Amino acid sequence: MFTNLSFGRRIRLRRLYSDGGDPLLVVPLDHPISDGPIPMRDGGLDALVGQIVDNGADAVVLHKGGLRHVSPDRFAKSSLIVHLSASTMHAQDPDAKYLVSGVDEALRHGADAVSVHVNLGSAEERQQITDLGRVSDLCDRWNVPLLAMIYPRGPKVTNPRDPALVAHAITVATELGADIVKTPYVGSPDEMADVVKNAAIPVIVAGGPRRTAVPDVLAYVDEALRGGVSGFAMGRNVFESADPGAMTRQIAQRLRQFRGHGIGERHAAQTPRPEELRTLVG
């Protein structure tokens, strides 16, 4: 499914998929800039990240400042995705996202991948699409995987989960060179299956509405997986839960049941096998 990926990019993708492939569990912790402080317990952000990665998350998304308060040891078994976009809910147009970091800076911080946010249909869509294209070019130059977070949001968007709009968001990410796209779940397995069936890159879905009970979160996970998604980017339903570690563990265990069963195997053909890596890196 994938062609022309560099060896360096394939190695970084393999790190991201280190626990056996799709479906992925990504936990975004990039919310503080847009929404204000996230709930913290004893130990702060470092302890929260520890709870998440120790219980099976494949990757955590952080801004460049936040990661300075996290021990590098946390990423021995999980990938670091540095988020390059930001805005605050207090702005005149909260849907306008701006680049606040770059690919080279993310690499200096040890990133395995970077992410960029685009609101499709927003008043500032032009700048956001331009930024995604520029970041994609730099990711090609530096062999860094790119996660595009694309949501239908804007003055003319009446239903952000409209299957046609979500399919368009996936297409934008694909055409501009993203490796993975995060976008909304459209609401039913059948509709989601129609959206992702021709997707050329893995589609991971957002965590959706706030859910307080583990069974409700797992029911959502099961439903979206029946729709053929390649994973989840679940933030608030993890870090706002009573026990973020336990919530992460429950989701990760559920996803492991699906790994190796044909779901979202869009990176497999271009990912080096372990014996290849041993041969090529000595």
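Rules behind the numbers
- Counting restarts for each chain: residues are numbered from 1 in the order of the written sequence.
- Note on the predicted model: pLDDT of at least 70 is required for a residue's local features to be given, and 80 or more for side-chain atom pairs to be given and counted; whole-chain, interface and lining totals, by contrast, use all residues.
- Hydrogens and waters are ignored; side-chain quantities use all the structure's heavy atoms.
- Note on aromatic contacts: the rings of Phe and Tyr and the six-membered ring of Trp form a pair at centre separations within 6.5 Å, being stacked when their planes are under 30 degrees apart, edge-to-face when over 60 apart, and tilted otherwise.
- A run of DSSP states H or I qualifies as a helix once it reaches four residues; a run of E qualifies as a strand once it reaches two. Both are numbered from the N-terminal end.
- A simple rule labels every residue: compare its accessible area, found with a 1.4 Å probe on the protein chains alone, to the largest value its type can have, and call it buried under 20%, exposed over 50%, or partly exposed in between.
- Cation placement over rings: the criterion is NZ of Lys or CZ of Arg within 6 Å of the ring centroid and within 35° of the ring normal.
- Polar contacts, as used here, are pairs of N or O atoms within 3.5 Å; protein pairs need one atom able to donate a hydrogen and one able to accept it. Residues neighboring in sequence count only if both atoms are side-chain atoms.
- Here, two residues are considered to be in contact whenever any of their heavy atoms come within 4.5 Å of each other.
- Asp and Glu are treated as the negative residues and Lys and Arg as the positive ones, with His and the ends of the chain left uncounted.
- Salt bridge, as applied in this entry: a Lys or Arg side-chain nitrogen positioned within 4 Å of an Asp or Glu carboxyl oxygen.
- To estimate the expected span of a helix, count its residues, drop one, and scale the result by 1.5 Å.

Asks: Just checking my understanding: could you explain the packing of aromatic side chains for this structure?
Replies: The relative placement of two aromatic rings is captured by the distance of their centres and the angle of their planes. According to the stated counting rule, one finds two aromatic pairs in the structure shown. Measuring from centroid to centroid gives 5.6 Å for Tyr 185 and Tyr 220, while their planes differ by 85°, and the two rings are edge-to-face. In this pair, Tyr 185 sits in the loop between strand E8 (180-183) and helix H7 (189-196) while Tyr 220 sits in helix H8 (residues 214-226), placing the two residues 35 residues apart along the sequence. For Tyr 185, a relative accessible area of 5% gives the class buried. Aromatic side chains Tyr 220 and Phe 232 sit 6.0 Å apart centroid to centroid with 65° between the ring planes, which places their arrangement in the edge-to-face category. With Tyr 220 in helix H8 and Phe 232 in strand E10 (residues 231-233), this residue pair connects regions lying 12 residues apart in the sequence. When sorted by exposure, Tyr 220 lands in the same class as Phe 232, which is buried. Seen from the ring of Tyr 151, Arg 153 lies directly overhead, with NZ or CZ sitting 4.3 Å from the centre. Lying across the ring of Tyr 220, Arg 211 places its NZ or CZ 4.3 Å from the centre.

Asks: Got a minute to help me understand the side chain of Ser 34 in this structure?
Replies: Assignment of secondary structure puts Ser 34 in helix H2 (residues 31-35). With relative accessibility at 19%, the residue Ser 34 sits in the buried group. Among the polar contacts listed, one links the side chain of Ser 34 to the backbone oxygen of His 31, at a separation of 3.0 Å. Excluding anything up to four places from it in sequence, Ser 34 contacts Ser 87, Thr 88, Met 89 and Lys 97.

Asks: Mind showing me how you'd approach the side chain of Arg 211 here?
Replies: Along the polypeptide, Arg 211 turns up in the loop between strand E9 (203-206) and H8. Buried Arg 211, no salt bridge; nearest opposite-charge side chain is Asp 216, N-O distance 6.6 Å. A distance of 3.1 Å separates a polar atom in the side chain of Arg 211 from the backbone oxygen of Gly 207.

Asks: What should I look at first to understand helix H10 (residues 244-256) in this one?
Replies: Spacing of three or four residues puts side chains on the same side of an α-helix, whose turn is 3.6 residues. When the terminal C-alpha atoms of H10 are compared, their 18 Å separation across 13 residues agrees well with the 18 Å that a helix rising 1.5 Å per residue should span. All of the buried residues along H10 are Pro 244, Gly 245, Ala 246, Met 247, Thr 248, Ile 251, Ala 252 and Leu 255. The opening residue of H10, the one whose side-chain oxygen lies 3.2 Å from the backbone nitrogen of Gly 245, is Asp 243.

Asks: Help me out: how do you make sense of the pattern of salt bridges in this one?
Replies: Pairs may arise between side chains of opposite charge once their charged atoms sit close together. Taken as a whole, this structure holds 11 salt bridges when the rule is applied. One salt bridge in this structure joins Asp 35 and Arg 236, with 2.2 Å as the shortest N-O distance. Of this pair, Asp 35 sits in helix H2 while Arg 236 sits in helix H9 (residues 236-239); the two residues are 201 residues apart in sequence, bridging distant segments of the chain. It is possible to trace a salt-bridge network through shared partners that takes in Arg 9, Asp 140 and Asp 179.

Nothing here speaks to function; it is geometry throughout.
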